[in-house]
Each structure stands twice: as structure tokens, then as C-alpha cells.
Amino acid sequence: MPENRQNADLSILKRLQQHAHQLEMYTGRVPDLQELRHQLLQSSDQLGDELQRLRQLQDEWAWFFEHSSDLFAIASLEGHFERLNNAFERALGYTREHLLATPYLDLVHPDDLDAARAEMASLATGRDTLCLELRFRHHDGRWRWLEWTCPAPSAGSSRVYAIARDISERKLSPEERLYRAEHDELTGLGNRALFDQALAKAIARTERNPGNQVALLLLELDGLGAINDSHGHGVGDAVLKTVAARLAICHRQGDVSCRIGGDQFALLVEGSTATEVGRLAQRLLQFVEQPVEVGGLQLRLSCSVGGAVFPEHAHDAASLLRQAGNALQQAKAAGRGEAQLGPASD
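### Quick word on the packing of helix H7 (residues 224-231) against helix H8 (residues 233-250)
At step 1: With their axes 7 Å apart at the nearest point, H7 and H8 run at an angle of 145 degrees to one another. Residues Leu 224, Ile 227, Asn 228 and His 231 of H7 pack against His 233, Val 235, Gly 236, Val 239 and Leu 240 of H8.

Structure below.
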């Protein structure tokens, strides 16, 4: 065999031996690689499961944050809210956008500012806040008492996670609690609870004094829903306040005016004749029809009035209310700006 051919064969053999050695080495590693692949796949599945659990926890926390009845806030010690839940809007009456854009100290009662600033400084040193009571301004101008609790921020952070509760009712005196229980919060007139009591007492007084009588007038606004839809509930609330003020000056001292529904009012008048009550009903129509100015808007609305007199049209409180309600429905059916004084059919 020629020498060159022999050398070529030896070279090929050497390469074959190297490839065979590498193949044996790789073949020997296959079980290890398969085990590693299995571990990686298992780790990937575990990582996916963990990520899914974290997403679920995140979704649950987001839902709890938004829907909690407590006031939840994430804020900076520099003076701004960074995130708020729905309860803040309900408690203070502002939109969330307004609250996020407003430095929170601007909402704090002037007499409580020193305490608020001192607590912020204390938080910055690592001391937790527990049961701090501060007054915050509501959108309607009143002050609401909020009780704050928040842990100090972690080291190197100026972000705080706070919980607040509206404790305004707890701060009321017994007299204030009784007043609120019997009066409409928006208009200041008596509410349905006070109306029911006043009606029962008026009927009882009339029954003890034959010849006396008590008249009930029900007034329902026409067009309030359209005002709310076109201009917002804030404008609608202002209209309700104006109507309530006009009601209060339309009747005599000692008569009782109440707001008994969203757009419905009641007036109890004792000792007047049916003719006098009829004139009062017409005066109510005229008062309500006067333009209402709200924020530069000139708004017009009308109302319907229905009334009944005890004992002329009814034999007890329930039937008087029913008769007045029937008369109101008849007035509404006749068109806007109408008044109907009993008798009305049961």
C-alpha cells in the first residue's frame, strides 16, 4: 500500500475515533440533559402557576381596594394623593381627578393643619400613625371628620398606604343626631320620618278639637330629571335647595314643610279653610315657576300640587295621605303647573 494512502487512512481513522469518542460522550450526557430539560419544564410550569397566583392576588386586591367601604389611599409625604378608591369620592363629594390634583393639606381644616403636618413629619421618621382625627372639606363646603391610620413608609420611600374612616356621625352631639335623623340633609327641610310624626300629631290635635282641620299639600316638581340629565346632579341639587327655601317662606310659622322623596315635598297646614289651602296651592305653583339661577344658568321648572283636608276629605292620617296623593295624580294628568284639592276618589 503506498505510503500516502496509508497516511490518509490513518488520518480518517483518527477523525473517526474522535467523532466516536464525542458521540459516546454526548450519548452519555443525554440522560442528564433530559433530566435538566424535565426540571426546566417543571420550573417553567411552577413559574407559570406562581405568576397566575400573583395575578389573581393582584386582581383581588384591586377589587378590594376599589370596593371597600373604608377610604383607601396611596399618598406621598410630599403632599399629594397618588391613588384613591371610590369611598373617597362618596365621603368628600369631589371627583377622583380633583382629589388627585389637589394637595391634600388644602382640604384639611385650618385648625387641624398643625396636627396634620406634625403627623407627616412623624411618619417620615418611621413612626406609625394611629387614629389621627382630621377635618376634611366636603364639596358642599361642610367639614367631615376622617380618622386616619397608616404605617410609616419603608426605608428610603416617601410613599404611605393609608386607611381612613368617616367618623362625622360619631362627632355629633345628641341634639345634632336627632336633628339629622329628622331632617333632609340636602335641603334642611323635615324628612319622611319627621313628616310621619307631624302628620300623626296634627291629626290627633284635630280630633281633640272638633271644628279644627288639617290640610296636606303634596308638591311634585316637573322637569327635575331633565335638569339632572342636561346639567348634572349638582345643578339639580341647587334647584332643590331653592325650591325648599321658597317653600319655607310660602307658609305660616308653625306649619310643617318636608321633603319626602327625590322631587316630592309635603306641606302640613293646620287651622286653614279649604279655600285658604286652595290659595296656598296656587301660591306654591307661582313660587316654583319663578326662574332659578344656578351658576349663570337660568332654569325654569314647574310643579303639580295635590291636596286634601282632614276631616273634610279623609277620616285618618292614612286616608288623608292617600287622598292627597290621588289629587296629585289628577293634577299631573291635567298638565304641568296644575293644582288639585280633594275630594279625590279612593
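### Details of the pairing of strand S1 (residues 71-76)
At step 1: Within S1, 6 of the 6 residues are buried, which leaves it mostly tucked inside the rest of the structure.
At step 2: Side chains Leu 71, Ala 73 and Ala 75 project from S1 onto one buried face, and the interleaved Phe 72, Ile 74 and Ser 76 project onto a second face that is buried too.
At step 3: Pairing geometry for S1 and strand S5 (residues 159-166), over 6 bridges, is antiparallel. When the sheet's bridge partners are listed, Ile 74 is paired in S5 with Tyr 161.
At step 4: In this structure, the hairpin formed by S1 and strand S2 (residues 81-84) is closed by a connection of 4 residues, where Gly 79 is found at a positive phi of approximately 125 degrees.

### Re the sheet that holds strand S8 (residues 264-270)
Within a sheet, adjacent strands bond to each other through the backbone by hydrogen bonds, running parallel or antiparallel.
At step 1: As summarised here, the arrangement of the 5 strands in space is S7-S8-S6-S11-S12, forming an open sheet in which the pairing is mixed. Of all the strands in the sheet, just strand S7 (256-259) and strand S12 (339-341) have a single pairing partner and so form its edges. Averaged over all pairs of adjacent strands, the angle between strand axes in this sheet comes to 15 degrees, irrespective of strand direction.
At step 2: Two elements, S7 and S8, share 4 bridges in a ladder whose sense is antiparallel. Considered in S8, the bridge of Arg 259 is made with Phe 265.

### A few points about the sheet that holds S1
At step 1: With respect to topology, 5 strands assemble into an open sheet ordered S2-S1-S5-S4-S3, the strand pairing being antiparallel. Each of the sheet's edge strands pairs with one partner strand only, and the pair in question is S2 and strand S3 (129-137). When the angles between neighbouring strand axes are averaged without regard to direction, this sheet yields 30 degrees.
At step 2: Note: strand S4 (residues 143-150) against S5, 4 bridges, orientation antiparallel. When the bridges of S5 are listed, Leu 146 appears paired with Asp 166.

### With respect to the pairing of S2
At step 1: As paired strands, S1 and S2 are joined by 3 bridges and run antiparallel to one another. Counterpart to Ile 74 in the pairing with S2 is Arg 83.

### A few points about the pattern of salt bridges
At step 1: Considering all chains together, one arrives at 15 salt bridges under this definition.
At step 2: The salt bridge involving Glu 89 is made with Arg 96; its shortest N-O contact spans 3.3 Å.
At step 3: Take Glu 89: its relative accessible area is 26%, and that puts it in the partly exposed class.
At step 4: Note that Glu 133 and Arg 170 form a salt bridge whose closest N and O atoms lie 3.4 Å from each other.

### Thoughts on the environment of Gln 329
At step 1: Note that Gln 329 resides in helix H10 (residues 317-333).
At step 2: When the C-alpha atoms of Gln 329 and Ala 339 are compared, they prove to be 9.9 Å apart, with 10 residues separating the residues in sequence.

### With respect to the environment of Tyr 179
At step 1: With respect to the helices and strands, Tyr 179 occurs in helix H5 (residues 174-182).
At step 2: Between the C-alpha atoms of Tyr 179 and Gly 190, which are 11 residues apart in sequence, the distance is 9.0 Å.

### Observations regarding the packing of H8 against helix H9 (residues 274-289)
At step 1: In the contact formed by H8 and H9, the axes pass within 10 Å of each other and the chain directions differ by 145 degrees. Here H8 and H9 pass one another in a crossing that is right-handed. Here Val 243, Arg 246, Leu 247, Ile 249 and Cys 250 of H8 lie close against H9, whose contacting residues are Leu 280, Arg 283, Leu 284, Phe 287 and Val 288.
At step 2: Across the contact of H8 with H9, the residue classes break down as 8 nonpolar, no polar and 2 charged.

### Some remarks on H10
At step 1: Between its first and last C-alpha, H10 extends 24 Å over 17 residues, near the 24 Å set by a 1.5 Å rise per residue.
At step 2: Burial in H10 covers these residues: Ser 319, Leu 320, Gln 323, Ala 324, Gly 325, Ala 327, Leu 328 and Ala 331.
At step 3: Buried residues in H10 make contact with helix H6 (192-208), strand S6 (214-222), S8, strand S11 (302-310) and S12.
At step 4: For H10, the N-terminal cap is Asp 316; the gap from its side-chain oxygen to the backbone nitrogen of Ala 318 is 3.4 Å.
At step 5: Looking one or two residues past H10, Gly 335 carries a phi angle of roughly 120 degrees, positive in sign.

Each value, and the rule that gives it
- Residues numbered from 1 in each chain as written.
- Predicted model: local features only at pLDDT ≥ 70, side-chain atom pairs only at ≥ 80, totals over all residues.
- Heavy atoms only, no water.
- Axes fitted to C-alpha atoms, helices over the stretch in contact; angles between N-to-C directions.
- Helix = DSSP H or I, 4+ residues; strand = E, 2+ residues; numbered from the N terminus.
- Contact = heavy atoms within 4.5 Å.
- Buried < 20%, exposed > 50% of the residue type's maximum accessible area, 1.4 Å probe, protein only.
- Pairing = 2+ DSSP bridges.
- Salt bridge = Lys/Arg side-chain N within 4 Å of Asp/Glu carboxyl O.
- Left-handed = near helix turned anticlockwise from the far one by under 90°.
- Nonpolar A, V, L, I, M, F, W, Y, C, P; charged D, E, K, R; others polar.
- Expected span 1.5 Å × (residues − 1).
- Polar contact = N/O pair within 3.5 Å; in protein donor to acceptor, adjacent residues only side chain to side chain.

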